[in-house]
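Summary of structural features
Residue strings, one per chain:
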Amino acid sequence: MWIKITALEQLEALHEGSLVAIYPLQGAPRAEFDDSDPDQVAQRLVSENDKNTKMIHTTSLQRKEEAHTITSSGMGSMILGSGYVNYADIIEAGIWWIQQGL
């Protein structure tokens with residue numbers, strides 16, 4: 001189940017390996033998460049959560065437009081991309097979601 005990130009406490013609880021998503025990628029923020037259009041969803045893994053600077057570092061899981069492809073033996077094609085985002089920008093944007101209930 002996807003829950004919209006709206007509070008500092010949600011961001012502080014993220015850890016390495018937490019699954020987050022950006023939805024929608026285009027248009028106004030939405031009240032409910034709808035993954036029926038994969039072109040509107042970018043899933044990311046949290047690779048670092050720096051509570052001192054109030055920033056998370058994420059690694060992209062699926063959007064080729066945001067990343068580059070690396071091919072290696074035994075791993076196939078893996079989509080990678082990353083970036084630091086501060087807590088205030090995440091909450092203000094209203095398009096970041098956290099995966100809960102797994």
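Residues numbered from 1 in each chain as written. Predicted model: local features only at pLDDT ≥ 70, side-chain atom pairs only at ≥ 80, totals over all residues. Heavy atoms only, no water.

Some remarks on the overall build of the chain
A count of helices and strands for the chain gives 2 helices and 8 strands. Considering the chain as a whole, with its 102 residues, one finds that 35% of them fall into the buried category. Contacts in the chain between residues at least 24 apart in sequence constitute 55% of all its contacts with a sequence separation of at least 6. When the accessible surface of the chain is summed, it comes to about 6100 Å², and 52% of that surface belongs to carbon and sulfur atoms. (Helix = DSSP H or I, 4+ residues; strand = E, 2+ residues; numbered from the N terminus. Buried < 20%, exposed > 50% of the residue type's maximum accessible area, 1.4 Å probe, protein only. Contact = heavy atoms within 4.5 Å. Areas by Shrake-Rupley, 256 points an atom, 1.4 Å probe, with all protein chains shown as cover.)

What to know about the pattern of salt bridges
A full pass over the atoms with the stated rule returns 1 salt bridge. Here lysine 54 and glutamate 12 are joined by a salt bridge, their closest N and O atoms 3.9 Å apart. Note that lysine 54 is positioned in the loop between strand E3 (42–50) and strand E4 (55–60) and glutamate 12 in helix H1 (residues 8–12), a separation of 42 residues in sequence. Its relative accessible area of 35% is what places lysine 54 among the partly exposed residues. Residue glutamate 12 is classed as partly exposed on the basis of its relative accessible area of 29%. (Salt bridge = Lys/Arg side-chain N within 4 Å of Asp/Glu carboxyl O.)

Points about the packing of aromatic side chains
Applying the stated criterion across every chain, the model contains 4 aromatic pairs. Ring centres 4.9 Å apart and planes at 55° place the aromatic pair tyrosine 23 and phenylalanine 33 in the tilted group. One end of the pair, tyrosine 23, is in the loop between strand E2 (19–22) and E3; the other, phenylalanine 33, is in the loop between E2 and E3, with 10 residues separating them in the sequence. There is no split in this pair, since tyrosine 23 and phenylalanine 33 are both buried. Through a chain of ring-to-ring contacts, the aromatic side chains of Trp2, Tyr23, Phe33 and Trp97 assemble into a single cluster. (Phe/Tyr/Trp six-rings, centres within 6.5 Å; stacked < 30°, edge-to-face > 60°.)

Looking at a negative patch on the surface
A surface patch of like charges, here negative, comprises Asp34, Asp35, Asp37 and Asp39. With relative accessibility at 54%, the residue aspartate 39 sits in the exposed group. (Patch = residues over 30% accessible without salt bridge, like charges linked within 9 Å, V, L, I, M, F, W, Y side chains within 5 Å. Lys, Arg positive; Asp, Glu negative; His and termini not counted. Charge placed at Lys NZ, Arg CZ, Asp CG, Glu CD.)

What about unusual backbone geometry?
In terms of backbone geometry, most residues other than glycine have negative phi values and most peptide bonds are trans. For the bond running from tyrosine 23 to proline 24, omega is -5°, close enough to zero to count as cis. Mapped onto the fold, proline 24 is located in the loop between E2 and E3.

Comments concerning the environment of serine 47
Secondary-structure assignment places serine 47 in strand E3. Separated by 28 residues in the primary sequence, serine 47 and leucine 19 have C-alpha atoms spaced 9.8 Å apart. Sequence-distant contacts of serine 47, defined by excluding residues within four places in its chain, comprise Glu16, His57, Thr58 and Thr59. Here the side chain of serine 47 touches histidine 57 through a polar contact of 2.5 Å, side chain to side chain. (Polar contact = N/O pair within 3.5 Å; in protein donor to acceptor, adjacent residues only side chain to side chain.)

Notes on the nonpolar core
Formed by 14 residues in total, the largest nonpolar core has its most connected members in Ile5, Leu11, Leu14, Val20, Ile56, Ile90 and Trp96. Here isoleucine 56 is in contact with Leu14, Glu48, Asn49, Gly83, Tyr84, Val85, Tyr87, Ile90 and Trp96, once residues within four sequence places are set aside. Membership of the second largest hydrophobic core comes to 7 residues, among which are Leu19, Tyr23, Phe33 and Trp97. (Core = buried A, V, L, I, M, F, W, Y, C linked by side-chain atoms within 4.5 Å.)

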